[in-house]
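What the coordinates show
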Amino acid sequence: MSGMGAIEQRVEAAIEATERLNPTLNAYLHLDLEGARAEAAEVEAIELARGGEPDPRRPLAGMPICVKDNVDVAGMPTTAGGAEWVRHPDRDATVVARLRAAGAIVVGKGNTNEFACGIDGRNPHKGDCRNPWDPTRLTGGSSSGPAAAVSGGLAGAAIGTDTSGSIRVPAALCGVVGIRPTRGLVPADGVVPLAWSLDAVGPLAKDVAGAALVLDLMTGRESPAPRPEVRGMRLGLATELLDICEEPVAEAIGLAVEALREEGAEIVEVALPDLARASAIHRIVQCCEVAAAHASWFERQRDLYAPEVRARIEPGYALGAEAYLRAQRHRRLFTGEFAASIDGLDALLAPTLPVLAPPIEAEELTIRGERRRTRTALLSCAMPFSQLDGPAVSVPIGLREGLPVGLQVIGRPHAEETVLRVAATAEGTAGDEVAGLGRPASI
């Protein structure tokens, strides 16, 4: 890297990591390494013209980013992880344009479950994404490539999407921070939809401060950096979700909760409304909206969809408007019941998921002696809160058996500052083994 400036060196380090690790991790589906180098040189020149003084309008100057492949980047194909479906955008999605204007440099498009319709990071068309902590393990999905890229050092931050947990689940399994923001806070133009009323676009990064900065730039607003301060806060604890976790996860969550208590938070056990009913409502809403979003493509390309994705789309055509509208009504009722259950609390704490990263080939898991489908287990703690309009953050809180564990912090709509303060505090009590403080041992 002789002769390169600091920005070019930062991008070159990500490119070198990508060339070395992407053949194993399959985090990127499309790369533009020469384009990234050219952008880095351009940003470097701008900084030099300022005499090396940082430009406050470009706080991400030189940060290499991964963009999930259902989000448009000008000059790169958008495939959404589909077999043959592709579009060739001539303009960036707004969220990409905003990060580029802040100095970010797109390295490539990140792997995803087919059409973001999955939670495990497996893709029969593009190849499975692999976890940097152990490449024989799932990354989670559908924002699998973005999570793996940030975790493995192939990117400094990433853009993902979350409908049922698709930012939070891979963030937890890969040991990074993932934010599902208040729905609608981040523009979704230039994003291939999965379910319009459930989709949210958000960031993944190594630590809470980085994720918060990227989120601010995505929204076009300015917020103070999250302070790791919870003294005087009342935080709810979803104990019923702790009860379904395997022991290593429950232990790590318990220690994180105690650490927050020691930092001055009051911890209150919360009886939540029926989460199984919430997940059932979610599935109906998503099924109907996915079917509508894919109507024209599905009619022409039905045989190109993987069988498991077809199985999630086809029922949407049979359910009809009455079932969809009834589900949306029950969703509003659940939202009201949830708000009542956390009345007087600042945020809710829960596991992001009940298990450590499962083996890639695992179709079923045994949790506390009970057999559960892997997909069901991965969705069990994140999907119910995807009904809500408010933010949810997954933050890594430690390692168990050499694999990361994520704590989920859920808040009311537009309470990003509060949930990020809690997440930053939890991150600070977790030691230096994950997040922005360490690298996966396997790489």
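The rules we used
- Residues numbered from 1 in each chain as written.
- Predicted model: local features only at pLDDT ≥ 70, side-chain atom pairs only at ≥ 80, totals over all residues.
- Heavy atoms only, no water.
- Helix = DSSP H or I, 4+ residues; strand = E, 2+ residues; numbered from the N terminus.
- Rg over C-alpha atoms; globule rule 2.2 N^0.38 Å.
- Buried < 20%, exposed > 50% of the residue type's maximum accessible area, 1.4 Å probe, protein only.
- Contact = heavy atoms within 4.5 Å.
- Areas by Shrake-Rupley, 256 points an atom, 1.4 Å probe, with all protein chains shown as cover.
- Lys, Arg positive; Asp, Glu negative; His and termini not counted.
- Charge placed at Lys NZ, Arg CZ, Asp CG, Glu CD.
- Pairing = 2+ DSSP bridges.
- Axes fitted to C-alpha atoms, helices over the stretch in contact; angles between N-to-C directions.
- Salt bridge = Lys/Arg side-chain N within 4 Å of Asp/Glu carboxyl O.
- pLDDT = per-residue confidence, 0-100.
- Expected span 1.5 Å × (residues − 1).
- Arc of directions from axis to C-beta.

**Quick notes on the overall build of the chain**
Looking only at helices and strands, the chain has 13 helices and 13 strands in total. Scaling as 2.2 N^0.38, a compact globule of 443 residues should have a C-alpha radius of gyration of about 22 Å, and the chain matches this with 20 Å. Once the C-alpha set of the chain is aligned to its principal axes, its extents read approximately 60 × 55 × 40 Å. A burial count over the chain gives 60% of its 443 residues as buried. Here the analysis covers contacts within the chain between residues at least 6 apart in sequence; of these, 76% occur between residues at least 24 apart. A total of about 16,400 Å² of accessible surface is found on the chain, and carbon and sulfur atoms cover 50% of it. Side chains of the chain carry 44 positive and 59 negative charges; the gap between the two charge centres is 4 Å.

**Observations regarding the sheet that holds strand β12 (residues 392–400)**
One open sheet holds the eleven strands; their spatial order is β1-β3-β2-β4-β6-β5-β12-β13-β9-β7-β8, and the pairing between them is mixed. Of all the strands in the sheet, just β1 (28–31) and β8 (266–269) have a single pairing partner and so form its edges. The average angle at which neighbouring strand axes cross in this sheet is 30°, direction not considered. Of the strand pairs in this sheet, strand β7 (residues 234–237) and strand β9 (residues 347–351) are connected by three bridges, and their pairing is parallel. In the strand pairing of β9, L237 is matched with L349.

**Overview of the pattern of salt bridges**
Within the structure shown, the criterion is met by 23 salt bridges. For D72, the salt bridge identified is with R87, shortest N-O distance 3.0 Å. With D72 in the loop between β2 (64–68) and α3 (94–101) and R87 in the loop between β2 and α3, the pair connects residues that are 15 residues apart, well separated along the chain. With relative accessibility at 9%, the residue D72 sits in the buried group. Since its relative accessible area comes to 28%, R87 is described here as partly exposed. One salt bridge connects E258 with R261, and the closest N-O pair in it is separated by 2.9 Å. Placement of the pair is E258 and R261 together in helix α8 (residues 247–262), with a separation of three residues, close to one helical turn. Looking at E258, the relative accessible area reads 34%, which means it is partly exposed. Relative accessible area serves as the criterion here: at 38%, R261 is assigned to the partly exposed category. Three or more residues are tied together by salt bridges with common partners; here these are E12, E34 and R37.

**Some remarks on the confidence of the model for the chain**
With 97% of its residues at a pLDDT of at least 70, the chain reaches an overall mean of 95. Element-level pLDDT for the chain is lowest in helix α10 (residues 295–301), with a mean of 90, against a maximum mean of 99 in β2.

**Section: helix α13 (residues 416–428)**
In this model, α13 (13 residues) spans 18 Å end to end at C-alpha, consistent with the 18 Å of a helix rising 1.5 Å per residue. Across the 13 residues that make up α13, a large majority, ten, are buried. For α13, the full list of buried residues reads E416, V419, L420, R421, V422, A423, A424, T425, A426 and E427.

**Points about α3**
Within α3, burial applies to V95, V96 and L99. Seen end-on, α3 carries its buried residues on one side only, within an arc spanning 100°. As for α3, its buried residues are in contact with β2, β3 (105–110), β4 (157–162), β6 (200–205) and α6 (208–219). One or two steps after α3, the chain reaches G103, where phi turns positive at roughly 105°.

**Notes on the pairing of β4**
Counting buried positions along β4 gives six out of six residues, so the element sits mostly inside the fold. Side chains of β4 alternate between two faces, with A157, I159 and T161 and A158, G160 and D162 buried alike. Of the strand pairs in this sheet, β2 and β4 are connected by three bridges, and their pairing is parallel. Residue pairing in the sheet places I65 in a bridge with A157 of β4. As defined by bridge partners, β4 adjoins β6 across six bridges and the pair is classed as antiparallel. Paired with A158 across the two strands is L204, which belongs to β6.

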